[in-house]
Amino acid sequence: MDALSVSLRIQPTSAHSSPDLDVEAGRSWRCRKATVTVPQGDHGVNSPQGGPNPNTWAWRWRLTTRRACTLLRAPEAVPTETAPSTHGACASSRPAPDRDGKGRAARRRTQSRDGRLGRRRNFRGPGLWAVGGRRDRTRERTEASAGSSLRVSCRRAPRRRTLSGVLAAPAVVAVVRAVAWLLLLWEAAELACKSSAALAAAHTDAGIKASCSEIILRQEVLKHGFHRDLLMKVKFGESIEDLQTCRLLIKQYIPAGLFVDPYELASLQERNVTEAVMVSENFNIEAPNYLSKESEVLIYARQDSQCIDCFQAFLPVHYRYHRPHSKDGETFIVVNNPDLLMYCDQEFPILKCWAQSKVAAPCTLKSKDICQWNNMKYKSVYKNVTLQVPVGLTIHTTLVCSVTLLITILCSTLILVAVFKYGHFPL
Amino acid sequence: MAPTQPWGERLLSLRVTPAGVFGVAFLARVALVFYGVFQDRTLLVRYTDIDYQVFTDAARFVTEGRSPYLRATYRYTPLLGWLLTPNIYLSELFGKFLFISCDLLTAFLLYRLLLLRGLGRRQACGYCAFWLLNPLPMAVSSRGNADSIVASLVLTTLYLLEKGRVAAAAVAYGFAVHVKIYPVTYILPIILHLPPEQGRDPSPRASRRSLQAGWRAFLTRLWDRAVLLFAAVAGLTFAALSVGFYCKYGWDFLEHTYLYHLTRRDIRHNFSPYFYLLYLTAESAGGLALGLAAFLPQAVLLAVVSFAYHRDLAFCCFLHTAIFVTFNKVCTSQYFLWYLCLLPLVMPLVRMPWRRAVVLLVLWFAGQALWLAPAYVLEFQGKNTFLFIWLAGLFFLLINCCILIQIISHYKEEPLAERRKHD
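Fair warning: this is a prediction, and the values are worked out from it, not measured in the lab. (Residues numbered from 1 in each chain as written. Chains lettered and ligands numbered in written order. Predicted model: local features only at pLDDT ≥ 70, side-chain atom pairs only at ≥ 80, totals over all residues. Heavy atoms only, no water.)

Draft legend 1. Quick peek at the confidence of the model for chain B. Residue and element names in this part refer to chain B. On average, residues of chain B score 86 in pLDDT, and 91% of them reach the 70 mark or higher. In this model, residues 416-423 is a region of pLDDT below 50 whose contacts with residues beyond four sequence positions or in other chains number nine contacts. Complex prediction metrics read pTM 0.70 and ipTM 0.87. (pLDDT = per-residue confidence, 0-100. Contact = heavy atoms within 4.5 Å.)

Draft legend 2. Region of the structure containing unusual backbone geometry. Residue and element names in this part refer to chain A. In the Ramachandran plot, K223 falls in the positive-phi region, its phi being about 65° despite a non-glycine side chain. Its location among the elements puts K223 in the loop between β4 (216-222) and β5 (227-235). The residue N272 is not glycine, and still its phi comes out positive at about 65°. Along the chain, the position of N272 falls in the loop between α8 (262-270) and β8 (276-278). (Helix = DSSP H or I, 4+ residues; strand = E, 2+ residues; numbered from the N terminus.)

Draft legend 3. Spatial organisation of the state of the cysteines. Following the criterion strictly, the structure yields two disulfides over all chains and no others. Each disulfide pairs two cysteine sulfurs, and for C246(A) the partner residue is C344(A), the sulfurs being separated by 1.8 Å. On the sign convention where negative is left-handed, the bridge of C246(A) and C344(A), at about 105° about the S-S bond, is right-handed. Separated by 98 residues along the polypeptide, C246(A) in strand β6 (residues 246-254) and C344(A) in strand β13 (residues 339-344) bring together distant segments of the chain. The disulfide partner of C363(A) is C371(A), and the gap between their sulfur atoms is 1.7 Å. Residues C363(A) and C371(A) are joined by a disulfide whose S-S torsion is about 100°; by sign, that bridge is right-handed. No difference in accessibility class separates C363(A) from C371(A), as the two residues are buried. Unpaired in this structure, C411(A) has its nearest cysteine sulfur neighbour in C401(B), at a distance of 3.4 Å. The class for C411(A) is buried, based on a relative accessible area of 0%. Overall, the relative accessible area of 2% leaves C401(B) in the buried class. (Disulfide = S-S within 2.5 Å. Buried < 20%, exposed > 50% of the residue type's maximum accessible area, 1.4 Å probe, protein only.)

Draft legend 4. Up close: the side chain of T281(B). Along the chain, T281(B) falls in the loop between α15 (275-280) and α16 (286-309). Looking at T281(B), the relative accessible area reads 4%, which means it is buried. A polar atom in the side chain of T281(B) sits 2.6 Å from the backbone oxygen of L277(B). With near-sequence residues (within four places) excluded, T281(B) lies in contact with T397(A), C401(A), G287(B) and L290(B). (Polar contact = N/O pair within 3.5 Å; in protein donor to acceptor, adjacent residues only side chain to side chain.)

Here it is, written out as structure tokens:
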């Protein structure tokens, strides 16, 4: 608004206008010297001592030395059939802009005295009127299109002058305002439609209090290096008190590139850090990636104290050694999203939103009872978890083999020489 | 005072009594055990080694009457599981106290051996302090590693051989080989060391015999009564243990106790200079040939050292183990204890200026530190430092070679006459 108000207040101090400057090819500018009056209470912040702020005086001084240039309508923008006549016609009609400018200036003077609100009111009036006027003029033009080009061009000249340069023309603002209102109305209508549809959908589901929000799973990997911690956070969409009686079991598939130490899990369980157990057997902790298989881990998630209706689970994983690569020093392990299994003591209708199938699994870590868990559908924040593993580079093979064998042979020869030199052989 | 003064004698300037040193060592180890209990309970990083947990779990299986090999990564003799059954019945600290006791037994045997060599009590005690007050064996035993058991068995063998009790030494040797495979390399120096039969004493001064004659003499030596006795008893002991445990635990026992260590190709990072070579060629056909090629320097060196130094069995065994560990395809810090336990026996005869000894010791630690840095970055920060680990491994190999050459060049064998009077 400040920029607009500045430009509004530009008043031509002298009637003379400098000749048009051709700033760019095909565009003509009209430049005038202008002074700026700073209205009270705007940037005129009083200095602590009282009186006008010297800063604003400097600002005014800066502006007054600028040449306020306004862009006239470019000749090419005008339709070609009227182009030559435009020039001719509007060359003669040059004083008209001054008149209009003066009228505008008069309007602005009144506006500046009335204050902002008054300015706005004056805006609307002339703006709308200007739009209306323009519409009238176009109608006239279409009716009289066969008529003299001279008249058309002159009629357009005021429009040209109205449209030219200053963006804060009342007509444009009015148009923008109208468009904005239309957009707003359209958005409101859409929202209303959507909400009504949602309400309708909600009403069709008998016995459900609210719409089914999603379960969101967030998987994070902590620490660096060969020993990482997998942290899984599950958030239910809305707060349901009944969730307190439910248990969440996460079935994580561990790829062949990782392994989980079951003895570590047992010791973590003893220390009450996490409850997890490996399902698969016959694993080798020390085997490399290409000699290992996928495994499964069941983690009994816990209620998260920090967030309402959140569960979290924690699993330490370790990297296996991978095959060396020819170029990249690193390879990737992809950890897929786990299965979320839920078991509630009572049957809640809300589970119907999410449950896809039934899975049999132990009820708790220590018991041997099997419960029927519901496999829940959920949305994951990340598509999957990708881990980077450093691997050896096969381009080093020749170098490593030759240098290692060379140095070991050298060392063993040196020791042999020393033994022969200092040893006491019975021979 | 002078820089060329043997470093052992500098130790003697301290006033030490054997009982005092042993007492202090025992108290220090017990204190470390209890500190380990405290750290295990409070901090996230445990003081106790993961191996101790493996032993305890295996002992639990044994108390239930099942095979200790049900516990994954249990790659030791079932004897260890049997020995540690009081871990389940009495207290979980029993095993650690057992290992500490073996530590002290090792030190006691060192002391007796040094006395047998003719050193004074204070001198012997000074050299024993190297093992008793050394933080490395202290930490290893109190953390729950079982290497002190094999160290005490090896030293028992050496002590009994010095005393001339061949059969008992053979039994101890059989147990030692059963517990850990590396003492099997000592068979050649022991055979060469065993006193020959009367009338066939080769004088070390008669060294101008031809190679062929020497070889023939060696072969004849193999049929000596003492040698045959030793080989037979040791072989029987080992066979009895193996067959007995095989009958009880089946193929699992053979696989985990022996075959795993013999065919172990650990491509994960370790001190060995061959680690990166084995990792890169793990799946290629040339890998097997390279593995054999890596075994060759070890074999040649061990044979030559046996022939050169069999007269001083302790020094020979020390060189054997040092060369074996340095040139092995897998090397972890536990292996260093295997030759450190023999170092006090070697120290009196290695006449090295103490400054040089300190420099070599610092170099040895520096070599390990240089390896540990990129290994830490690889394992705990996930950066690709394989080349640096390999280079550090090679540098550590060079340092170890340098130390071995220095020890060999400064070793002064004591005259034969002095040794004979202890028989």
